[in-house]
Amino acid sequence: MPKRVDHAERRTQIAEALVRVAGRRGLHAVGMRDVAAEAGVSLRLVQYYFETKEKLLLAGLQHLAVRFGERVTARAQSADAAPGPRATVESLLLVSLPTDEESRTFHLVYTSYAVLSVTEPALAAQPFLQHPGAAEDILTDLLRQASAAGLTTPGLDPRLEASSLLALSAGLGTSILVGHRTPDSATTVLRHQLDRIFAGPARS
């Protein structure tokens, strides 16, 4: 009896291979043949599932988004069985810093996608890049909840603080990648900023 193929699993296998190769060589240098070799499958199979390099890149982008969400959830749950707003905000920001091999790959490949989207309309049209405000909306809601619970500095502007935190996190991530700052130093800077925000009478 022929072995049944799990197509979703096979697509994920190929998307993961794309991310690994892009993390080592840069997204611009990745070809479908490279991804096939990394995944241990034929070029024909990669073409069967994704048809074009453009579609393969989009699949990699979606895979990154899923993995990022999983890492945020895992980090928050490991910090506390019932993480409060502070722990959740910190997890969302720290998980994107390149502090280990997986997060380094995420930061590098995501940045590559953003740069490539400048000249690739199909990538630029994707929600993950087209609507960068999604992460800002999540952080803003968390900070509003914390503010309503008296966990933050009085008079805090949740939207402004959310955008500032994301900009700080992105800048710190790049500084780690290029060797200007260590992961520990970046984490200290980020937590210092969070200490300023979560300075209400009741701490989460």
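A quick note: this is a predicted structure, and the numbers were derived from the prediction, not measured. (Residues numbered from 1 in each chain as written. Predicted model: local features only at pLDDT ≥ 70, side-chain atom pairs only at ≥ 80, totals over all residues. Heavy atoms only, no water.)

Engineer: Explain the overall build of the protein to me, please; I cannot follow it from the model alone.
Structural biologist: Within the protein, the secondary structure is distributed over eleven helices and zero strands. Along the protein, from the amino end to the carboxyl end, the secondary structure elements read α-α-α-α-α-α-α-α-α-α-α. Considering the protein as a whole, with its 204 residues, one finds that 39% of them fall into the buried category. Look at the contacts in the protein between residues 6 or more apart in sequence, and 65% of them connect residues 24 or more apart. As displayed, the protein offers around 11,100 Å² of accessible surface, 55% of which is attributable to carbon and sulfur atoms. (Helix = DSSP H or I, 4+ residues; strand = E, 2+ residues; numbered from the N terminus. Buried < 20%, exposed > 50% of the residue type's maximum accessible area, 1.4 Å probe, protein only. Contact = heavy atoms within 4.5 Å. Areas by Shrake-Rupley, 256 points an atom, 1.4 Å probe, with all protein chains shown as cover.)

Engineer: What's the story with the packing of helix 1 (residues 7-25) against helix 6 (residues 101-116) in this structure? I'm lost.
Structural biologist: Two numbers describe a pair of packed helices, the interaxial angle and the distance between the axes. Contact geometry for helix 1 and helix 6: axes closest at 9 Å, N-to-C directions at 85 degrees. The angle between the axes of helix 1 and helix 6 places the two elements in the roughly perpendicular class. Across the interface between the two elements, Leu18, Val19, Ala22 and Gly23 from helix 1 touch Arg104, Thr105, Leu108, Val109 and Tyr113 from helix 6. Taken together, the residues of the contact of helix 1 with helix 6 break down into six nonpolar, two polar and one charged. (Axes fitted to C-alpha atoms, helices over the stretch in contact; angles between N-to-C directions. Parallel < 35°, antiparallel > 145°, perpendicular 65-115°, else oblique. Nonpolar A, V, L, I, M, F, W, Y, C, P; charged D, E, K, R; others polar.)

Engineer: Can you help me understand helix 2 (residues 32-39) in this one?
Structural biologist: For an α-helix, the turn length of 3.6 residues means that residues three or four places apart are oriented alike. Taken together, the buried positions of helix 2 are occupied by Met32, Val35, Ala36 and Ala39. Buried residues in helix 2, looked at end-on, bunch into an arc of 100 degrees, giving them a common side. Residues of helix 2 that are exposed and point over 90 degrees away from its buried face: Arg33 and Ala37. (Arc of directions from axis to C-beta.)

Engineer: Can you help me understand unusual backbone geometry in this one?
Structural biologist: A negative phi angle is the norm for most residues apart from glycine, just as the trans form is the norm for most peptide bonds. Despite not being glycine, Glu51 has its phi angle at roughly 65 degrees, a positive value. Along the chain, Glu51 falls in the loop between helix 3 (43-50) and helix 4 (53-79).

Engineer: Would you take a moment to explain the pattern of salt bridges for this structure?
Structural biologist: Pairing is possible between side chains that carry opposite charge, provided their charged atoms lie close to one another. One pass over the structure, following the stated rule, counts eleven salt bridges. Of the charged contacts, one joins Lys55 and Glu51 as a salt bridge, the two residues approaching to 2.6 Å between their closest N and O atoms. Taking the relative accessible area as the measure of exposure, Glu51 reaches 52% and is therefore exposed. Bridged by salt links that share partners, the residues Arg86, Glu90, Arg191 and Asp195 form one connected network. (Salt bridge = Lys/Arg side-chain N within 4 Å of Asp/Glu carboxyl O.)

Engineer: Even after reading the chapter, I still don't get the packing of aromatic side chains, so can you show me in this structure?
Structural biologist: Aromatic ring pairs: the centre-centre distance and the angle between the two ring planes describe each pair. By the definition in use, this model includes two aromatic pairs. Between Tyr48 and Tyr49 the ring centres are 5.0 Å apart and the planes differ by 80 degrees, which places this aromatic pair in the edge-to-face class. Ring geometry for Phe106 versus Tyr110: centroids 6.1 Å apart, planes at 5 degrees, classification stacked. Residue Phe106 and its partner Tyr110 are both found in helix 6; the two are separated by four residues, about one turn of the helix. Note on Phe106: relative accessible area 11%, which makes it buried. Taking relative accessible area as the criterion, Tyr110 reaches 25% and is therefore assigned partly exposed. (Phe/Tyr/Trp six-rings, centres within 6.5 Å; stacked < 30°, edge-to-face > 60°.)

Engineer: Can you help me understand the nonpolar core in this one?
Structural biologist: Core analysis: the biggest nonpolar cluster contains 49 residues, and Ile14, Leu18, Val46, Leu56, Val89, Tyr113 and Phe198 have the highest contact counts within it. A total of seven residues in this core trace back to one element, the largest contributor, which is helix 4. Sequence-distant contacts of Ile14, defined by excluding residues within four places in its chain, comprise Val35, Ala39, Val46, Tyr49, Phe50 and Leu56. (Core = buried A, V, L, I, M, F, W, Y, C linked by side-chain atoms within 4.5 Å.)

Engineer: How do you make sense of the packing of helix 5 (residues 85-94) against helix 11 (residues 183-197) when you look at a structure like this?
Structural biologist: Look at helix 5 against helix 11: their axes get within 11 Å of each other, and the N-to-C directions meet at 150 degrees. Regarding the angle of helix 5 to helix 11, the classification is roughly antiparallel. Remark: the crossing between helix 5 and helix 11 carries right-handed chirality. Of the residues in helix 11, those touching helix 5 at Arg86, Val89, Glu90, Leu93 and Leu94 are Thr187, Leu190, Arg191, Leu194 and Asp195. In terms of residue class, the contact of helix 5 with helix 11 is built from five nonpolar, one polar and four charged. (Left-handed = near helix turned anticlockwise from the far one by under 90°.)

Any link to function would need more than the numbers given here.
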